Amino acid sequence: QVQLVESGGGLVQAGGSLRLSCAASGIIFSLNVMGWYRQAPGKRRDLVARIFSDGSTNYGDSVKGRFTISRDNAKNTVYLQMNSLKPEDTAVYYCNFRNLRTSTEYWGQGTQVTVSS
């Protein structure tokens with residue numbers, strides 16, 4: 001079992017920045033991917049960014065160049081630095097952990113990010 005605790009959401013004006021954190025605890029296997037997904041009301045949950053245990057990353061097209069994902073393997077924590085925020089970034093952001101050996105995945109409870117225009 002893996003537990004994920006998210007922090008860092010909130011309200012920010014357009015053009016501002018926020019940093020999300022997600023700490024994983026429990027049985028952490030070395031081969032994994034951690035990432036952030038987001039879901040706006042009435043829309044599907046989409047990938048924002050993810051980072052593999054080897055450091056490789058993927059980003060959703062809409063956030064490339066504005067968001068940066070990073071991780072601290074010693075702390076089992078993933079970070080999402082969000083800059084130049086836009087109102088369309090408003091959503092609930094969910095942390096995701098996936099064990100690459102078993103494909104078992106876990107989700108955080110979600111944190112609200114609201115960007116005002």
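Residues numbered from 1 in each chain as written. Predicted model: local features only at pLDDT ≥ 70, side-chain atom pairs only at ≥ 80, totals over all residues. Heavy atoms only, no water.

The next subject is the environment of Ser-7. With respect to the element layout, Ser-7 can be found in strand 1 (residues 2–7). On the basis of relative accessible area, Ser-7 is assigned to the partly exposed category, the value being 39%. In contact with Ser-7, not counting residues within four places along its chain, are Arg-19, Leu-20 and Ser-21. (Helix = DSSP H or I, 4+ residues; strand = E, 2+ residues; numbered from the N terminus. Buried < 20%, exposed > 50% of the residue type's maximum accessible area, 1.4 Å probe, protein only. Contact = heavy atoms within 4.5 Å.)

With that settled, consider the side chain of Asn-99. Note that Asn-99 resides in strand 9 (residues 91–99). Judged by its relative accessible area of 5%, Asn-99 is buried. Setting aside residues up to four positions removed in sequence, Asn-99 forms contacts with Phe-29, Leu-31 and Thr-104.

Bringing unusual backbone geometry into the picture now. Most of the time, phi is negative for any residue but glycine, and the peptide bond is trans. Of note in this structure, Ser-84 is not a glycine but carries a positive phi near 50°. Considering the arrangement of structural elements, one finds Ser-84 in the loop between strand 8 (77–82) and strand 9. In the Ramachandran plot, Ser-103 falls in the positive-phi region, its phi being about 65° despite a non-glycine side chain. Tracing the backbone through its elements, the reader meets Ser-103 in the loop between strand 9 and strand 10 (105–107).

Moving on, we get to the state of the cysteines. Per the counting criterion, the structure on display carries one disulfide. Put simply, Cys-22 and Cys-95 are joined by a disulfide, and their sulfur atoms are 2.0 Å apart. On the S-S bond that ties Cys-22 to Cys-95, the torsion sits near -85°, and the link is left-handed. Of the two residues, Cys-22 sits in strand 3 (residues 18–26) while Cys-95 sits in strand 9, which places them 73 residues apart along the sequence. (Disulfide = S-S within 2.5 Å.)

Burial of strand 8 is extensive: five of the six residues sit out of reach of the surface. In this sheet, strand 8 lies alongside strand 3 in antiparallel orientation, the contact comprising six bridges. Across the sheet, residue Ala-23 finds its bridge partner in strand 8, namely Thr-77. Sheet topology note: the strand 7 (residues 67–72)/strand 8 ladder contains six bridges and is antiparallel. Residue pairing in the sheet places Asp-72 in a bridge with Thr-77 of strand 8. (Pairing = 2+ DSSP bridges.)

Here the focus is the side chain of Ser-21. In this structure, Ser-21 sits in strand 3. Note on Ser-21: relative accessible area 17%, which makes it buried. Aside from chain neighbours lying at most four places away, what touches Ser-21 is Val-5, Glu-6, Ser-7, Trp-36, Val-78 and Tyr-79.

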